[in-house]
Amino acid sequence: MNYELDSELGFSRETIATCLERDGLLSVELEFTKKCNLRCIYCYSAAGEGLEQELSLREIVSVIEQARDLGAKKIVLLGGGEPFLFPDILEVIRHIYALGLSQAVFTNGMLLTEELCRFLFAHRVQVAIKHNSVHPAVQDALAGVAGAHRGIQRGLRLLMGAGYPGEGCPLCIQSVVCRQNRDEIEPMWIWAREHGITPYFEELTIQGRARQHAQLVLPPEEIRAIFERLSRIDRERFGVRWDARPPIAGFTCRRHLYSCLVNSQGFVQPCTGIEVPVGNIREQPLGAILRESKIIRDLRGIYRQIDASCRVCQHAGECYGCRGNAYQATGDYLAADPACWLRQSTRATVYH
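Residues numbered from 1 in each chain as written. Predicted model: local features only at pLDDT ≥ 70, side-chain atom pairs only at ≥ 80, totals over all residues. Heavy atoms only, no water.

**Focus on the overall build of the protein chain**
Each helix and strand counted, the protein chain has 14 helices and nine strands in total. Over its C-alpha atoms, taken along the principal directions, the protein chain stretches across nearly 60 × 45 × 40 Å. Out of the 352 residues in the protein chain, the part that is buried amounts to 58%. For the protein chain, contacts bridging at least 24 residues in sequence account for 70% of all contacts bridging at least 6. Total accessible area on the protein chain stands at roughly 14800 Å², and carbon and sulfur atoms take up 50% of it. For the protein chain, the distance from the average position of its 40 positive side-chain charges to the average position of its 41 negative side-chain charges is 1 Å. (Helix = DSSP H or I, 4+ residues; strand = E, 2+ residues; numbered from the N terminus. Buried < 20%, exposed > 50% of the residue type's maximum accessible area, 1.4 Å probe, protein only. Contact = heavy atoms within 4.5 Å. Areas by Shrake-Rupley, 256 points an atom, 1.4 Å probe, with all protein chains shown as cover. Lys, Arg positive; Asp, Glu negative; His and termini not counted. Charge placed at Lys NZ, Arg CZ, Asp CG, Glu CD.)

**Brief notes about the confidence of the model for the protein chain**
Atom-level detail of predicted coordinates should not be read off regions where pLDDT is low. On average, the protein chain scores 93 in pLDDT, and the residues at 70 or more come to 95%. Predicted confidence is poor over residues 1-9, with pLDDT under 50, and the contacts of this stretch with residues over four places away or in other chains come to 28 contacts. Contacts of residues 347-352 to residues separated by more than four positions or lying in other chains number eight contacts, the stretch itself having pLDDT below 50. (pLDDT = per-residue confidence, 0-100.)

**A short note on the nonpolar core**
In this structure, Leu 30, Leu 77, Leu 120, Leu 159, Val 262, Val 268 and Leu 286 are the most contacted members of the largest nonpolar core, which totals 87 residues. If near-sequence neighbours (up to four positions away) are discounted, Leu 30 is found in contact with Ile 60, Val 63, Ile 64, Ile 75, Val 76, Leu 77, Leu 78, Gly 79 and Val 262. In terms of nonpolar packing, the next biggest core, distinct from the first, is built from 15 residues, Tyr 42, Ala 47, Ile 152 and Val 176 among them. (Core = buried A, V, L, I, M, F, W, Y, C linked by side-chain atoms within 4.5 Å.)

**Focus: the packing of aromatic side chains**
Per the stated rule, a full pass over the model turns up nine aromatic pairs. Judged by centre distance (5.9 Å) and plane angle (45°), the ring pair of Trp 189 and Trp 242 falls under tilted. With a gap of 53 residues between them, Trp 189 in helix α7 (residues 185-194) and Trp 242 in the loop between α8 (220-238) and β7 (261-262) connect regions that are remote in the sequence. On the basis of relative accessible area, Trp 189 is assigned to the buried category, the value being 0%. Trp 242 sits in the buried class, given a relative accessible area of 5%. For the ring pair Tyr 303 and Tyr 320, a centre distance of 5.9 Å and an interplane angle of 50° mean the geometry is tilted. Of the two residues, Tyr 303 sits in helix α11 (residues 302-305) while Tyr 320 sits in the loop between α12 (308-311) and α13 (323-330), which places them 17 residues apart along the sequence. The class for Tyr 303 is partly exposed, based on a relative accessible area of 26%. Three or more aromatic residues joined by ring pairs make a cluster, and in this case those are Phe 106, Tyr 200 and Phe 251. Over the ring of Phe 121 we find Arg 124; its NZ or CZ atom is 5.4 Å from the centre of that ring. (Phe/Tyr/Trp six-rings, centres within 6.5 Å; stacked < 30°, edge-to-face > 60°. Lys NZ or Arg CZ within 6 Å of the ring centre and 35° of its normal.)

**Quick word on the pairing of strand β3 (residues 102-107)**
Strand direction decides the pairing type here: strand β2 (residues 74-77) and β3, joined by four bridges, are parallel. By the bridge assignment for β3, Ile 75 is matched with Gln 103. The parallel pair β2 and β3 is bridged by helix α3 (residues 89-98), and the resulting crossover is right-handed. Summarising the sheet, β3 and strand β4 (residues 125-130) pair through five bridges and their orientation is parallel. Residue pairing across strands places Ala 104 opposite Gln 126, the latter belonging to β4. Traced from β3 through helix α4 (residues 114-122) to β4, the parallel crossover comes out right-handed. (Pairing = 2+ DSSP bridges. Right-handed = clockwise from strand over helix to strand, strands pointing away.)

**With respect to the pattern of salt bridges**
When the charged atoms of two side chains with opposite charge come close together, those side chains can pair. Applying the stated rule across the entire model yields 16 salt bridges. Here Arg 224 makes a salt bridge to Glu 228, at a shortest N to O gap of 3.0 Å. Here Glu 228 and Arg 224 lie together in helix α8, a separation of four residues that amounts to about one turn. The class for Arg 224 is partly exposed, based on a relative accessible area of 28%. Ionic pairing is found between Arg 245 and Asp 243, a salt bridge with its closest N-O pair at 3.9 Å. The class for Asp 243 is partly exposed, based on a relative accessible area of 43%. Taken together, the shared-partner salt bridges connect Glu 221, Arg 224 and Glu 228 into one network. (Salt bridge = Lys/Arg side-chain N within 4 Å of Asp/Glu carboxyl O.)

**Remarks on the sheet that holds strand β8 (residues 267-269)**
With respect to topology, nine strands assemble into an open sheet ordered β6-β5-β4-β3-β2-β1-β7-β8-β9, the strand pairing being mixed. Each having just a single partner strand, β6 (198-203) and β9 (279-280) make up the two edges of the open sheet. Inspection of the sheet shows strand β1 (residues 27-30) paired to β7 by two bridges, in the parallel sense. Paired with Leu 30 across the two strands is Val 262, which belongs to β7. Packed onto the sheet, helix α2 (residues 57-69) meets β1, β2 and β7 and runs at close to 165° relative to β1. (Axes fitted to C-alpha atoms, helices over the stretch in contact; angles between N-to-C directions.)

**A look at unusual backbone geometry**
Following Tyr 164, the chain continues into Pro 165 via a peptide bond in cis, with omega recorded as -15°. Relative to the helices and strands, Pro 165 is located in the loop between α6 (148-161) and β5 (171-177). In this model, Pro 246 is joined to Pro 247 through a cis peptide bond whose omega is 5°. Position of Pro 247 among the secondary structure elements: in the loop between α8 and β7. At Ala 46, a residue that is not glycine, the phi angle is positive and equals roughly 50°. Relative to the helices and strands, Ala 46 resides in the loop between β1 and α2. A relative accessible area of 41% places Ala 46 in the partly exposed class. With phi around 55°, Arg 124 is a residue other than glycine that occupies positive phi space.

Here it is as structure tokens:
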């Protein structure tokens, strides 16, 4: 079994190639409010308070329908802050379900109730819940709020009580790999696999609040060692094979070939890490924005456009590192990912 297909949201290479040919979409990520009940010290968006002129329910529904018309099969509800603080979130979920699209929600789990978890399960919503530590002090410190660990664990229990993970309703635990939880990564991974839960463990992107918390960051070689141990655990204990490479353990990010992000004020971005607006859905249709953006075109041709050291890497054509890391560190979304531990050897090959 190879779990790297999960990073493509189940999309085959042929489906992705067709999407590229027609300038379409296979998924879209929605940030509909920056309001959050936590203050995670690593938060990419520095979420907390809502912004002025955030998208209305009508505008969100329009984005979803435009994405559907462009071929999107999955809607990812990021919130930007905490999705369940958005007053019309249930209407959004109902509408996506009625359109026959799959959907995933990323949540901290603090606001989950038995009724809400049953609703999510009934509407076939994939849930990714924040889970950075089993230790209350560590989780609360990372979340920036006392009691976060208790609320997250309660939310996880409620989801499992409602039937997660179940057929058509996967459950993920989302963790950032950092200095504070590095010794917990392996046991959390094993626990997740043993319970049929997908571990979504990623390295930090140095943006948002993470810029003020350098103590979080692990060097690339340490991340490499952690990922390689996880790869060995998967291979030996669970029959799952994948190559260790950034930025997500067991997954390969290919979102730039078929996705985009719409933030809470309607601005379209390539992803959460590339904070460059390429248009606004209040001013232009989503399809026109994607067709006319040089940045989107560059990223859809990423395997041809990326830094030369990446083009000669053994994983060229399959992996392009993290474009967010590249942009945040260098200002160039086509640069090599500076957090990639493979880049030193390939740079030596190219620039010798």
